[in-house]
Every structure is written in C-alpha cells, then in structure tokens.
Amino acid sequence: MELLSPAGNVEKLYYAYAYGADAAYIGLKRFSLRVKADNFYEDEYKKVIELKNKFPGRKLHCALNIAFHNNDIDNFIRDIDYFKQYPIDAFIVQDLGIVPLIQKEFPDADLHLSTQASCINREAVKMYKSLGFKRVVLGREASLKEIREIKDAVPDIELEAFVHGAMCIAYSGRCLMSALLTGRSAQSGFCSHTCRWEFDLKSAKKIAESGELVLEERSRRGEYFPVYEGDDFTEILSSKDIRMIEHLKDMKDAGLDSLKIEGRMKSTYYVALVTRAYRKALDALEGKIKQEEAAPFIAELENVSHRESTTGFYYSRADADKTTQGASDSAYDLAATIGTKLTDDEQRAVLNRASLTQKAIDDELNAMHPKAREARERDLEKNPERRIVTVKENNGWRMYKYEPLNMVDYDSELEFISPDVVSVKAEKGKWLLVDPENGTVRNWVCNGHPCVLYTQYELQNGTLLRTKDNGYIAGKVRDTGR
C-alpha cells in the first residue's frame, strides 16, 4: 500500500519524503481546500523538482479540490502554464467541470477523485472510472466491509482512504457551519473549525455539568446526543481524530491501494513523526522489519499534537459518532530543523573566524591599562554571561546547519529525532550552538539567529530537534488561546 503524506509547503514536502512517504499531496494557492496551508506559488516548482530528483520514485499529488466558480476556472486557465512547471503525477479534484480541462492540458497526470465527492459505493466508483479517474479517495463514511465490496466490483481502480488525522463532523467534510457563523466557506478552503469552538450553555450550565443534558430531534425519538459542559464550555460537534495504525492489515485486506494522512495545515514535526510511524508500521506489515522494531516509532504518535482517537466509520458508525473535547496538544515543541553537514572547508572557515574573534578580544584586553583590565576581569567573573566565548576545535565533532524555530538554551531538554532513530537525548557537553559569522558560542538562540550546531553526534539527513513543553500535562485540556 502507498503511504501518502500531507505537505503544506516545500519544507514539509521534504520531510514527508525523508520520513518515508511514497507520495505527498500539495495544494496550489486559491485552488485547494486548505487555503490556510502555505501552499505553493511563485518559483517553488524549482525546489519541488529538486526534491523529486533527490527522492526518485516518489509521487506528487496536487489538490484542486475546491468547488469551482466561474472566476476560479478563469484563474486556473490563466495560470495553467505556471502549473505545468510542477512535476505533478496526479490531480485530486471534486468538481467534474474541471476534469476535461485537466485531461486536455495535463495528459500525463492521473485523475484522483477527492473525498469531498462523497464516493462510497461501487456504482459511483464505476461511473468515475468511466470518466477517466484512476483513483477514488473514498468518503470517510465508507466502512472496511463496503470498501472490500467496492474493490471486488471494480478491481482495476485504485482506492485511497484516510488512515490518520482530524475528521470533520460534516459528511465528507462538506460543512456549512463555518460559512454560517463566520462567513468563511469550508468549500473554498477557509474553514474556521467552528465545530471545535467551546460554547457556553449559560442557564443550562448546572444541568450540563451533571452529564444528563442531551439533544433529541423531534422525529427521531430515542436517539440521544449528549451535551457535556466542562470548564465554561461545551462541545457537541467536535469529532475525534482517526487513527488506524493498529489496523493496517484490515485496511490492506479491504483492498486499499493508498493510505492518506490528513494534515496539510499541520506542522513539520507532525508530518515527520506521523509519516515515520506509519512507514515503520507498513514495513513491519510487509515483513521488511520486525514488529518490535516498529513499536517505538508507533509509540511516538503520542508525542505529536493529537486529540482522542477513533477508528471512524471503518468498523462501526457508533465509533465515528462519539465526540470529544479540547484542542490538539503535544508534550513537545519543535525547536529546530537540522540541515546538512558543513563541508570540511566550511567548518574550517567557521573555526578560523573564531580564532580571529578570539585574537581581537585578546588584543583589546592587552591594550587596556592594567587596572582597567583587572576591572574588566572582575566584572566578567561576577557576570559570566557577558563573557564572549569562541568555539574551539573538538576532535571528532562536526558542524550542521541549524534553523532555530523556538528558543533553546543550554538548560533545555533536547532530543534529536530522525527518519531511522526514534530519539536521542542531547546531553550537555556534547553539543554547542555557534554563530557562523564570528565563531562565538551562543548561550541561547531563537528564530532568526544565524547558527550552526557543533556536536559529537552523527546526525542523519532530515534530523529534527525537539524540546519538552513544560506547560504540557498529560490528560489535561489546555486553553487554546482562541
């Protein structure tokens, strides 16, 4: 089975491939249902081509899954020459009006039906196949039993289904709540996730806190929807996340060809770790590694942002109907991305700049009056954080490009994670953060600071650095700040 991962921007596309995705799906600005994802634009097609060359054999799917208005079609036609520069293997669409245009202008690209089309039966699959679709991304309401029946009826079409991530309370994600309450249409990619808002029940608060308050629709007597009141909020429409990593054999037996991870708006950290977990789980299923080898990678799913999970509609509708509360949360923050190892010449250049900086410091001290120098030394002893320290060459240590995303200092609890290593604690004394422009050792860094990592650890390409979130408490719902 293909493992298909989300990529909201070029960086996430790299990590999707690096951490084991067979294919990734992207969106192009204005034509994707995830407008708030960065999406792709301008000359980023050049970077995408580089990544495809770096990871030969990996596929690239492009989501054009909005409901097109006339002006959207006009804009698409206007930008077609630009889109042709992307190495797109397949387009994901829900609007049939755009199909002839794609078939004409992109004859070598496959057509994949979007889950927004709500295709969940064999006759619909046959019809879409007759229109030229190679793959159907099934509606999330299809059970594994129904998927098996569809595959038996139409064995020569590829079937794709979601395996992990957020679910929408609306049928196949076709929600009107966002447009109604905020004027932001989910069908144009502007979903404001109103189903996860925290509503105050006001006068019904005490009843709701008891757990006895339920909704009952007049013509459906006996069907109850519980309304639970927490700390000044209630959530009745907030669906659980889907998680099927423990059931991959059942998905394979159902005849699925591709497993899709939700999350083009999710973080680089999420994309990397979720992709890695499913890559290892699939490798174990296929006998490439032992289940015991995959287990620690699968356990890491608890360390990415997630909510209470379910198996969705795959086994029982009752599982999908259960709601939950709270925002996605994680015990870790992504501190930095670790780039490529510096060449010997690049590392030597940083060390040389450090020597020049140290010489300038020494020259300044030596030029001082003895009493002034003594005063400076006393001040530095009292305030060691003011002392400028330059990096010295350490045998066996290497420098790596370092892109800080969150603040890190030497008291931070840091861990390296990579495609094939679950995690390694970064022990103090075994790494330094260095300003490559002058060779000085940084006590702390945050986003925007030029930095290289100097360490004795041998790091795999694609390594990420994470830090413990001290505000995280397992099982406790934090204020989202919305």
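Thresholds applied
Residues numbered from 1 in each chain as written. Predicted model: local features only at pLDDT ≥ 70, side-chain atom pairs only at ≥ 80, totals over all residues. Heavy atoms only, no water. Helix = DSSP H or I, 4+ residues; strand = E, 2+ residues; numbered from the N terminus. Buried < 20%, exposed > 50% of the residue type's maximum accessible area, 1.4 Å probe, protein only. Polar contact = N/O pair within 3.5 Å; in protein donor to acceptor, adjacent residues only side chain to side chain. Contact = heavy atoms within 4.5 Å. Pairing = 2+ DSSP bridges. Right-handed = clockwise from strand over helix to strand, strands pointing away. Axes fitted to C-alpha atoms, helices over the stretch in contact; angles between N-to-C directions. Parallel < 35°, antiparallel > 145°, perpendicular 65-115°, else oblique. Phe/Tyr/Trp six-rings, centres within 6.5 Å; stacked < 30°, edge-to-face > 60°. Lys NZ or Arg CZ within 6 Å of the ring centre and 35° of its normal.

**Things to note about the side chain of Gln347**
Here comes step 1: Following the sequence through the fold, Gln347 ends up in helix H14 (residues 344–366).
Here comes step 2: Gln347 gets classed as buried once you look at its relative accessible area, which sits at 7%.
Here comes step 3: A distance of 3.4 Å separates the side chain of Gln347 from the backbone oxygen of Trp397, its partner in a polar contact.
Here comes step 4: Those residues in contact with Gln347 that sit more than four places away from it in its chain are Leu342, Trp397, Arg398, Met399 and Tyr454.

**So, the pairing of strand E5 (residues 110–113)**
Here comes step 1: Looking at chain direction, strand E4 (residues 90–93) and E5 are connected through four bridges and run parallel. Paired with Val93 across the bridge in E5 is Leu113.
Here comes step 2: A crossover connection joins E4 to the parallel E5 through helix H5 (residues 99–105); in handedness this β-α-β unit is right-handed.
Here comes step 3: For the crossover that starts at E5, traverses helix H6 (residues 122–130) and ends in the parallel strand E6 (residues 135–137), the hand is right-handed.

**Some words on the environment of Asn438**
Here comes step 1: Positionally, Asn438 belongs in the loop between strand E18 (431–434) and strand E19 (444–445).
Here comes step 2: In this structure, the C-alpha to C-alpha distance between Asn438 and Arg353, residues 85 residues apart in sequence, is 5.3 Å.
Here comes step 3: Here the side chain of Asn438 touches Thr440 through a polar contact of 2.7 Å, side chain to side chain.

**Concerning the sheet that holds strand E17 (residues 421–425)**
Here comes step 1: The strand order E17-E16-E21-E13-E14-E20-E18 describes an open sheet built from seven strands, whose pairing is antiparallel. At either margin of the open sheet sits one strand with a lone partner, and together these are E17 and E18. When the angles between neighbouring strand axes are averaged without regard to direction, this sheet yields 30 degrees.
Here comes step 2: Where strand E13 (residues 332–341) and strand E14 (residues 398–404) come together, four bridges link them in antiparallel fashion. Among the inter-strand pairings, Ala336 is bridged to a residue of E14, identified as Pro404.
Here comes step 3: Of the strands in this sheet, E13, strand E16 (414–418), E17 and strand E21 (464–468) are in contact with helix H11 (residues 268–285), which crosses E21 at around 105 degrees.
Here comes step 4: In the packing of H14 onto the sheet, contacts are made with E14, E18 and strand E20 (452–455), and the angle to E14 comes to roughly 80 degrees.

**Observations concerning the packing of H14 against helix H15 (residues 370–382)**
The packing of two helices is summarised by the inter-axis angle and the distance between the axes.
Here comes step 1: Running from amino to carboxyl end, H14 crosses H15 at an angle of 130 degrees, the nearest separation of the two axes being 9 Å. Accordingly, the angle class assigned to the pair H14 and H15 is oblique. Side by side, H14 and H15 meet where Glu364, Leu365 and Asn366 of the first sit next to Arg373, Arg376 and Glu377 of the second.

**Observations regarding the packing of aromatic side chains**
Here comes step 1: In the structure shown here, the tally under the stated rule is 15 aromatic pairs.
Here comes step 2: An aromatic cluster of at least three residues, connected via ring pairs, comprises Tyr45, Phe68, Phe76, Tyr82, Phe83 and Tyr86.
Here comes step 3: If you follow Lys260 out to its NZ or CZ, it ends over the ring of Tyr25, 4.4 Å from the centre.
Here comes step 4: Sitting over the ring of Tyr332, Arg466 keeps its end group 3.9 Å from the ring centre.

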